[in-house]
Amino acid sequence: MSLAFAILFYVATLVLVVGVALKIMQYSKTPAPLKIPTTPAPTTTSGVVMRMFREVVFFESLFKATIWTWIFAWAFHMGLFAVLIRHGRYFHDLLPAAIVGPLKYAAFAMIIGLTGLLIRRFAVNRVRYISAPSDYAMLILLLLIGISGAMMTFVDHVDVVGVKSYFHAWMTFDIENLILPSDMVLRIHLFLVAVLMLIFPISKLLHAPGIFFSPTRNQADNPREVRHVAEWAEKLSK
Amino acid sequence: MATKEFTIPEIQEYIEVPDAPIPDATAHLSPFIAKPMHQEALGFPVEVSDDWKEQTLDAMGDLLGKYRGLRVFMDICVKCGACTDKCHYYIGTADPKNMPVARQDLLRRVYRRYFTFAGKFWGALGMPGFVGAADLKRDMLDEMYSYYHQCSECRRCSVFCPYGIDTAEITMAAREILARVGIGQKYDNEIIAKVYTIGNNLGLPERALEDTLEGLEEDLEDETGVAVKLPLNVKGADILLITPSADFFAEPHVDGLMGYAKVFHEAGVSWTLSSSASEAANFGMFIGSYENMRKISLRIREAALELGVKRIIFGECGHAWRVAYSFLNTLAGPFDFLDQNYPIPQHILEFTLGEIEKGTLNIDKSLNDDMVLTFHDSCNVARASRMGDKPGGQFTIPRAVIKAVCNNYVDMDPDTIYEKTFCCGGGGGLLTDDLLELRIKGGLPRMTALQTVTQEYGVTHMAAICAICKSQFTKILPYYGFDMDQIVSVHQLVSSALILTGQVDEDDDTESGEEAA
């Protein structure tokens, strides 16, 4: 079982890294033939960096759109971000205990946020109409990951040292020492995480790398000053 | 087509977003399909052939490789619902497919099915719907034709999308795919064909244009006693004015044109119109066709070269200003032969505000005291372009000009102006009577905001800087209990407050006459 999980995670990591890399390559190779920033837009590159920063960190546009979705989405994402940082302790020793301790509560932000988003998907007629089964499945998957993780932190403590040595062995391909603590919740948690990694490059989770390529947000508003022509469009004039 | 009886929406106290969508409420709305001759003129197939499915997917694949926006937007929507209450057509019709994300999904489900692993996988299992994919069927093209012509490409949804997904881009792509399969839109394609053969959307030939301009010169002279010119095809003029052809005769557009002429006259600049580029509009954008948009734009470059002008100025027109400001340099540049000391191209409002600030214009604001004004931000100007040096100039410059020529001005509800402005309901190539029901219903949010300022501040007129907005409001205002002439051009306001040097006032002929003499 320990080996099966190790292989699963090797495959999942490969799919995630290669899949996202291929998508990023595809996005960057596809030309943006016209200047289409949603205006008012910054006129300089540094302005665009700031706009993107506000979008990625504060969800600026969503904040303008609907406050409840913003609250839940922001709580979930920030919670997830903190949880991911905290999970670094299974892979390296750089995190001071003073950070690891308090960060555990981020799991609640994540779970509350996801629950809110799920309820909204059911309860708001308009949002229910646009939801496909996979949209619910995605939220439920993340919710189960969050709940199973929180259970190991707050209810039935997982053998942290055991998990740590397992992933150390996993990282160093030390097959002999791949011993996963026999904890059912842990196995469920890990399996769901592997599923999430596997579907990342083939699902809407691509919004994470994708937003950086969104021309309405990443273009500077300077078409009168700088002539912008895509390669395929240039060929039309020849 | 649009023959079904429908009721005019009632204006409520606030803009109300329909809570419960009414499926297929406007499924019957679909503009007339282009005739073979109009398809042909634009280089599209004249009818749908047997391999429509292959052609659809080929066209889609082609566009996915050409437009990063389309590719990214197809992938990254998370269905958060932020856009679902933002579209004026959803607010006005309650049809769920008029929610931006649902409209996008009409194309996205095909993308998911044929261009993504998830769609192919679940499709092979016979459950494409699990991941929002769908097998492409012939009637889906008709549905796309209908709902992608219920989008005015106004970009309001893109303001609120956390990833900036712009439904306009998807609508344009869908319309181009449909046109390439043989399902073009009659209104747009017919107009583009007219631009190619005659030079403008209205099919106004050079001779008629000449007569029209002469007539306007006479009107101006009768009214003011000053010989204000509207020059046509003058070689060596400094400025080439490109304006929507509606400015040549439609009300209130033509009052705006006379306003430009008066401002140019007072500024003492030499300017000209061109008969070969007597149209600012570029419907190539509406149908999403880069090639047609480029071809239409090149006329302007050619006219500028032929006439040897130094500057290009655009008249009041929304989507034309988007194409001019955002795309002209790309499509028809570089404009290294023009005077680089001025913006290329420049908006007439940038020019007029410059003259007002320089003090060249003798303005008597009280001449507009019979009106209380508000301003409708046109979507393409607001969310797809700019004026002036700073972001947001597209909002401040028109208002600065209006306030410089009018004493009474109030803004509408902040959620309905600036970047959050609502489309007039007739933009994006939908200004055709076969879509009248949609146009009336889509105008509801703007009419609601107008009603509020009418009741609270006694607003009498709404100014706009877009030919489509002006025509659309002229048409729909009466359906909502307003008068059609409550919509005015911004340069019409400038015109009525501007006292020309040597102007003879109707009231005191003699006095001014003596002064002039």
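Rules and cut-offs
- Residues numbered from 1 in each chain as written.
- Chains lettered and ligands numbered in written order.
- Predicted model: local features only at pLDDT ≥ 70, side-chain atom pairs only at ≥ 80, totals over all residues.
- Heavy atoms only, no water.
- Axes fitted to C-alpha atoms, helices over the stretch in contact; angles between N-to-C directions.
- Helix = DSSP H or I, 4+ residues; strand = E, 2+ residues; numbered from the N terminus.
- Parallel < 35°, antiparallel > 145°, perpendicular 65-115°, else oblique.
- Left-handed = near helix turned anticlockwise from the far one by under 90°.
- Contact = heavy atoms within 4.5 Å.
- Nonpolar A, V, L, I, M, F, W, Y, C, P; charged D, E, K, R; others polar.
- Domains from an automatic or database assignment.
- Salt bridge = Lys/Arg side-chain N within 4 Å of Asp/Glu carboxyl O.
- Polar contact = N/O pair within 3.5 Å; in protein donor to acceptor, adjacent residues only side chain to side chain.
- Buried area = accessible area lost by both parts, 1.4 Å probe.
- Pairing = 2+ DSSP bridges.

A.B. asks: Before we go on, may I ask you to explain the packing of helix H6 (residues 106-123) of chain A against helix H8 (residues 133-154) of chain A in this structure?
C.D. replies: What describes two packed helices is the angle between their axes and the distance between those same axes. Residues and elements named next belong to chain A. Here H6 crosses H8 at 155 degrees, and the two axes come no closer than 9 Å. Between H6 and H8, the angle falls in the class roughly antiparallel. Every pair of crossing elements has a handedness; the one defined by H6 and H8 is left-handed. On H8, the residues touching Ala107, Phe108, Met110, Ile111, Leu114, Thr115, Leu117, Leu118, Arg121 and Phe122 of H6 are Asp135, Tyr136, Leu139, Ile140, Leu142, Leu143, Gly146, Ile147, Ala150 and Phe154. Along the lines of polarity and charge, the residues of the contact of H6 with H8 split into 16 nonpolar, two polar and two charged.

A.B. asks: Would you explain the domain arrangement of chain B in this entry?
C.D. replies: The parts lose accessible area when they come together, and the size of an interface is often stated as this lost area. All names here are of chain B. In terms of domains, chain B is made up of domain 1 (36-191) and domain 2 (202-410 + 459-497). Contacts between the two partners involve 17 residues from domain 1, matched on the other side by 14 residues from domain 2. Joining domain 1 to domain 2, the criterion identifies zero salt bridges. Taken together, domain 1 and domain 2 are joined by three residue pairs in polar contact (both at pLDDT 80 or more). Residue composition of the side of domain 1 that touches domain 2, grouped by class: eight nonpolar, one polar and eight charged.

A.B. asks: Explanation requested: the interface of chain A and chain B in the structure shown.
C.D. replies: The interface of chain A with chain B comprises 61 residues on the first partner and 84 residues on the second. Carbon and sulfur atoms make up 58% of the surface buried where chain A meets chain B, a total of about 5600 Å² over both sides. Among the salt bridges present, the one from Glu350(B) reaches Arg224(A), with a minimum N-O distance of 2.8 Å. No other element matches the five residues that helix H7 (residues 125-130) of chain A contributes to the side of chain A that touches chain B.

A.B. asks: What exactly am I supposed to notice about the sheet that holds strand S5 (residues 373-375) of chain B here?
C.D. replies: Residues and elements named next belong to chain B. Taking strand neighbours across the sheet as the criterion, the three strands line up as S5-S6-S7 in an open arrangement whose pairing is parallel. Both edges of this open sheet fall to S5 and strand S7 (487-489), since each of them pairs with a single strand only. Sheet twist, expressed as the mean angle between neighbouring strand axes with direction ignored, is 40 degrees. Sheet topology note: the S5/strand S6 (residues 461-464) ladder contains three bridges and is parallel. Looking at the pairing, Phe375 lines up with Ala463 of S6. Along the sheet, helix H21 (residues 490-497) makes contact with S5, S6 and S7, crossing S7 at roughly 70 degrees.

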